[in-house]
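What follows is each chain in one-letter form.
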Amino acid sequence: TGDIECYENMNGILIEVTMSEGRTQTVMEVWPIARHLQEFGKKVKNSMCYFIAPSIFADSTRQIEFVKKTEGLFIAPKTIAEFLNHLEESKVLYGTK
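Because the structure is a prediction, the values reported are computed rather than measured.

Rules of the game
- Residues numbered from 1 in each chain as written.
- Predicted model: local features only at pLDDT ≥ 70, side-chain atom pairs only at ≥ 80, totals over all residues.
- Heavy atoms only, no water.
- Salt bridge = Lys/Arg side-chain N within 4 Å of Asp/Glu carboxyl O.
- Helix = DSSP H or I, 4+ residues; strand = E, 2+ residues; numbered from the N terminus.
- Buried < 20%, exposed > 50% of the residue type's maximum accessible area, 1.4 Å probe, protein only.
- Axes fitted to C-alpha atoms, helices over the stretch in contact; angles between N-to-C directions.
- Parallel < 35°, antiparallel > 145°, perpendicular 65-115°, else oblique.
- Left-handed = near helix turned anticlockwise from the far one by under 90°.
- Contact = heavy atoms within 4.5 Å.
- Nonpolar A, V, L, I, M, F, W, Y, C, P; charged D, E, K, R; others polar.
- Pairing = 2+ DSSP bridges.
- Core = buried A, V, L, I, M, F, W, Y, C linked by side-chain atoms within 4.5 Å.

Draft legend 1. View of the pattern of salt bridges. Scanning the model with the defined rule gives four salt bridges in all. Across the pair glutamate 5 and lysine 43 runs a salt bridge, and its minimum N-O distance is 3.4 Å. One end of the pair, glutamate 5, is in strand β1 (residues 4-8); the other, lysine 43, is in helix α1 (residues 22-43), with 38 residues separating them in the sequence. For glutamate 5, a relative accessible area of 32% corresponds to the partly exposed category. In this structure, glutamate 65 and lysine 68 form a salt bridge, with 3.4 Å as the shortest nitrogen-oxygen distance. Remark: lysine 68 and glutamate 65 occur in helix α2 (residues 58-71); sequence separation between them is three residues, near one turn of the helix.

Draft legend 2. Structural detail: the packing of α1 against α2. Running from amino to carboxyl end, α1 crosses α2 at an angle of 25°, the nearest separation of the two axes being 9 Å. Relative to α2, the element α1 lies roughly parallel. As α1 packs across α2, the resulting crossing turns out to be right-handed. Contacts between α1 and α2 involve Gln25, Thr26, Val30, Trp31, Ala34 and Gln38 on the former and, on the latter, Asp59, Ser60, Gln63, Ile64, Phe66, Val67 and Glu71. When its residues are assigned to classes, the contact of α1 with α2 shows six nonpolar, five polar and two charged.

Draft legend 3. Structural detail: the sheet that holds strand β4 (residues 75-79). If you trace the four strands from one edge of the open sheet to the other, you get β1-β2-β3-β4, paired in mixed fashion. The outermost strands of the open sheet, each flanked by one partner alone, are β1 and β4. Strand-to-strand twist in this sheet, taken as the mean axis angle between neighbours without regard to direction, amounts to 25°. Judged from the seven bridges that link them, strand β2 (residues 11-17) and strand β3 (residues 46-53) form a sheet pairing that is parallel. Note on β3: the bridge partner recorded for glutamate 16 is phenylalanine 51.

Draft legend 4. Region of the structure containing the nonpolar core. Grouped together as the largest cluster of nonpolar side chains are 13 residues, with contacts concentrated most on Leu37, Cys49 and Ile75. Breaking this core down by element, the ones donating at least two residues are α1, β3 and α2. At five residues, α1 tops the list of elements feeding residues into this core. Residues contacting leucine 37, with those up to four places away along its chain left out, are Leu14, Ser47, Met48, Cys49, Leu73, Phe74 and Ile75. Within the second largest apolar cluster, 10 residues are counted, among which are Ile15, Tyr50, Phe74 and Tyr94.

Printed below as a string of structure tokens:
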């Protein structure tokens, strides 16, 4: 399961948080997140995931794009600062694809 599950109207949002960076981030985080989101999507039709880390490694971004294209899963990678900014500026948690 994801780290945090949020529900907003008919939308489900997973929040996956890590402190890992670099190659470790890509290897240890992205595939499990995709699995968690796939399972979560069985419960909530409109689902997405925020992947939050101190920095987002370039390979992680590439892997997330691959998951989006091949699995149709919506994972939004954000640094901690970007996510906090999103929370402050947005009226909704559920992001747009």
